[in-house]
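Residue-level structural notes
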Amino acid sequence: MTIDTAKADLSSPAATSAVASKPLIALKGVSKVFSNGTTALQNMTMDVHQGEFISLLGPSGCGKSTVLRIIAGLGDVSSGAIEWPTSGHDATGKATPEISFVFQEPTLMPWATVFNNVWLPLRLKGVSKTAAREDVLGALEMVGLEKFADAYPRELSGGMKMRVSIARALVTRPKLLLMDEPFAALDEITRFKLNNDLLHLWEKFGWTVIFVTHSVFESVYLSNRIVVMAARPGRVVNDMPVDAAYPREEEFRTSTVYNDYCRKASNALHQAMGANDHL
Ligand SMILES: Nc1ncnc2c1ncn2[C@@H]1O[C@H](COP(=O)(O)OP(=O)(O)O)[C@@H](O)[C@H]1O
Ligand SMILES: [Mg+2]
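Figured I'd write up the structure that's included with this text.

The rules we used
- Every chain is numbered on its own, with residues counted from 1 as its sequence reads.
- Chain letters and ligand numbers both follow the written order, the letters beginning at A and the numbers at 1.
- Per-residue local features are limited, in this predicted model, to residues with pLDDT of at least 70; the limit for side-chain atom pairs, both in listing and counting, is 80 or more; totals at the level of whole chains, interfaces and linings are taken over all residues.
- Excluded from the side-chain calculations are hydrogens and water; all other atoms, namely the structure's heavy atoms, are used.
- A run of DSSP states H or I qualifies as a helix once it reaches four residues; a run of E qualifies as a strand once it reaches two. Both are numbered from the N-terminal end.
- Residue burial is assigned from relative accessible area. The probe radius is 1.4 Å, only protein chains are included, and a residue is buried under 20% of its type maximum, exposed over 50%, and partly exposed in between.
- All accessible areas in this document rest on Shrake-Rupley with a 1.4 Å probe, and a residue is counted as covered only by the protein chains that are shown.
- Any two strands are treated as partners once DSSP identifies two or more bridges connecting them.
- Residues enter a nonpolar core if they are buried and are Ala, Val, Leu, Ile, Met, Phe, Trp, Tyr or Cys, with the set joined through side-chain atoms within 4.5 Å.
- All the domain ranges listed were derived from an automatic or database domain assignment.
- A contact between two residues is defined here by any heavy atoms of the two lying within 4.5 Å.
- Note on terminology: near, applied to a residue and a molecule or strand, indicates that one of the residue's heavy atoms is within 4 Å of it.
- By the criterion applied in these results, polar contacts are pairs of N or O atoms within 3.5 Å in which, for protein atoms, one can donate a hydrogen and the other can accept it, and in which residues neighboring in sequence qualify only through two side-chain atoms.
- Here the term charged refers only to Asp, Glu, Lys and Arg, the term nonpolar to Ala, Val, Leu, Ile, Met, Phe, Trp, Tyr, Cys and Pro, and the term polar to all other amino acids, Gly among them.
- Fitted lines through C-alpha atoms serve as axes, helices being fitted only where they are in contact, and the angles separating the N-to-C directions of these axes extend from 0 to 180 degrees.

Another aspect to go through is the overall build of the protein chain. Assigned secondary structure in the protein chain consists of 8 helices and 9 strands. By residue count, 51% of the 279 residues in the protein chain fall in the buried class. Here the protein chain displays about 12,900 Å² of accessible surface, and carbon together with sulfur accounts for 52% of that area.

See below:
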């Protein structure tokens, strides 16, 4: 492990930091109406505590990506507020937590090596290639790709491209990781492997993760809290803890407790979708 955790904001163990009293993010009655009249989010109130691994689970169109974009500062709210009670603020009063975003598509630059793709966020902050070297190689090591620094995206499998995308998100040492259906396009074996690797990293570094998925199984496997959303208008309909201990390994997928939570989450999702049966 080349990344020096002592230098980063990543060192708090997930298990203890989740109980911090002030939330990292407080969404207060957030609504988002697009200019075409679509209510993508209606009155969403949610506290996110440091160290939580939250899954946003819901059918297509229920506003999951919209929530992530708002949290990332990529879109304004129409009403309500988003607060960052524990983060610093810049001169304009905007909160400045270190956030990284991982999208469903790895969105790598095809003409650039793996190293240069992962360097990008640091380069945009003015960090030279030489100065970034240790951090870039450290991030690649975290996702098991340290030997592929000089490869080009076309030489990599889908799972490896997603790992590069994750390394690029981690290279800035985020406190908050926003992941929008990152593994949805991968085959099941690769997805399970990446699920495990992501959990190991989360346990080690204690980031806060908000993970969007429409897979009940993936949400239960990964998260300690599932927020179920319904569409038209996008809203929260259920907020359930997943009180199963970590580390969670492959055996967890066949355990009774896992199956019980899957049934519970599946029922909540069906209710959420049934809420729109009349549409
Ligand atoms: N830029 C936009 N302009 C208009 N409508 C949008 C825009 N982005 C998303 N929407 C609509 O808002 C709703 C929620 O979208 P989204 O957050 O992408 O849902 P999800 O990620 O859960 O599939 C959908 O009905 C979608 O069509
Ligand atoms: Mg989406």
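From this point, the discussion proceeds with the structure in view.
On to the pairing of strand E1 (residues 25–33), then. Burial of E1 is extensive: 7 of the 9 residues sit out of reach of the surface. Sheet topology places E1 next to strand E2 (residues 39–48); 6 bridges connect them, and they run antiparallel. Across the sheet, residue Lys32 finds its bridge partner in E2, namely Leu41. What sits between E1 and E2 in their antiparallel hairpin is a turn of 5 residues, with Gly37 showing a positive phi close to 95°.

We now examine the nonpolar core. Side chains of nonpolar character tend, in soluble globular proteins, to be buried together. One finds Val136, Leu177, Met179, Phe183, Trp207 and Val220 to be the most contacted residues of the largest nonpolar core, which totals 58 residues. Each of domain 1 (25–98 + 175–278) and domain 2 (109–173) contributes no fewer than three residues to this core. Aside from chain neighbours lying at most four places away, what touches Val136 is Phe115, Val118, Trp119, Leu122 and Val171. Among the nonpolar cores identified, the runner-up in size contains 24 residues, and Leu24, Leu56, Ile70 and Ile71 belong to it.

This part covers the site of ligand 1. With respect to spatial proximity, the complete set of residues near ligand 1 consists of Phe34, Asn36, Thr38, Ala40, Pro59, Ser60, Gly61, Cys62, Gly63, Lys64, Ser65 and Thr66. Within the backbone of Gly63, a nitrogen or oxygen atom sits 3.1 Å from an oxygen atom of ligand 1. Within the side chain of Thr66, a nitrogen or oxygen atom sits 2.5 Å from an oxygen atom of ligand 1. In isolation ligand 1 has 560 Å² of accessible area, and contact with the protein removes 62% of it. Broken down by element, the residue count for the shell around ligand 1 peaks at 3 residues, all from helix H2 (residues 64–71). The residue inventory of the shell around ligand 1, partitioned by class, reads 4 nonpolar, 7 polar and 1 charged.

Moving on, we get to the sheet that holds strand E4 (residues 79–83). Strand order across the open sheet formed by 3 strands is E2-E1-E4, with antiparallel pairing between neighbours. Each having just a single partner strand, E2 and E4 make up the two edges of the open sheet. Averaged over all neighbouring strand pairs, the angle between strand axes comes to 15°, with direction disregarded. Looking at chain direction, E1 and E4 are connected through 4 bridges and run antiparallel. Looking at E4, one finds that Ala26 is bridged to Glu83. Here H2 sits on the sheet in contact with E1, E2 and E4, set at roughly 120° to E1.

Pairing within the open sheet is mixed, and its 6 strands lie in the order E5-E6-E7-E3-E8-E9. Looking at the sheet topology across the chains shown, the edges are occupied by strand E5 (99–102) and strand E9 (235–241). For this sheet, the mean inter-axis angle between neighbouring strands, taken without regard to orientation, is 15°. In the sheet, strand E3 (residues 53–57) pairs with strand E7 (residues 208–213) via 5 bridges, with the strands oriented parallel. What sits directly across from Phe53, in E7, is Val209. Relative to E5, helix H5 (residues 158–170) is tilted by about 170°, and along the sheet it contacts E5 and strand E6 (176–180).

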